[in-house]
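Chain by chain, the residues run as shown.
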Amino acid sequence: MLRVGFHRFCHVSGILSAVVLALLLVGTTSGRDALGWIYLQSAEAITNATHIRTFPLDRLDPTCPQCM
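Let me sum up the structure you'll find in this document. (Residues numbered from 1 in each chain as written. Predicted model: local features only at pLDDT ≥ 70, side-chain atom pairs only at ≥ 80, totals over all residues. Heavy atoms only, no water.)

**Considering the overall build of the chain**
Along the chain, the regular secondary structure elements total 2 helices and 0 strands. Summed over all atoms, the accessible surface of the chain reaches about 6,500 Å², with 69% contributed by carbon and sulfur. (Helix = DSSP H or I, 4+ residues; strand = E, 2+ residues; numbered from the N terminus. Areas by Shrake-Rupley, 256 points an atom, 1.4 Å probe, with all protein chains shown as cover.)

Shown next, in the form of structure tokens:
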């Protein structure tokens, strides 16, 4: 019984801390600046990436005769 209560406490406290962090990131100017910086860095990394190889989706098609 005590173990279930502790698990529930950890679950609820994790959800509450995630909500508080999300509100801090969206609600403050430094949080919005940080989110904008992360977005710009990830967009730049994706456009400059040379190691991303595309996966042909026809490999997943069961009717493709070349894939059999």
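**A short note on a nonpolar patch on the surface**
On the surface, Val26, Leu35, Trp37 and Ile38 cluster together into a nonpolar patch covering about 420 Å² of accessible area. When residues in the nonpolar patch are grouped by element, the largest group, 3 residues, is from helix H2 (residues 29-48). Classification of Ile38 as partly exposed rests on a relative accessible area of 48%. (Patch = residues over 30% accessible without salt bridge, like charges linked within 9 Å, V, L, I, M, F, W, Y side chains within 5 Å. Salt bridge = Lys/Arg side-chain N within 4 Å of Asp/Glu carboxyl O. Buried < 20%, exposed > 50% of the residue type's maximum accessible area, 1.4 Å probe, protein only.)

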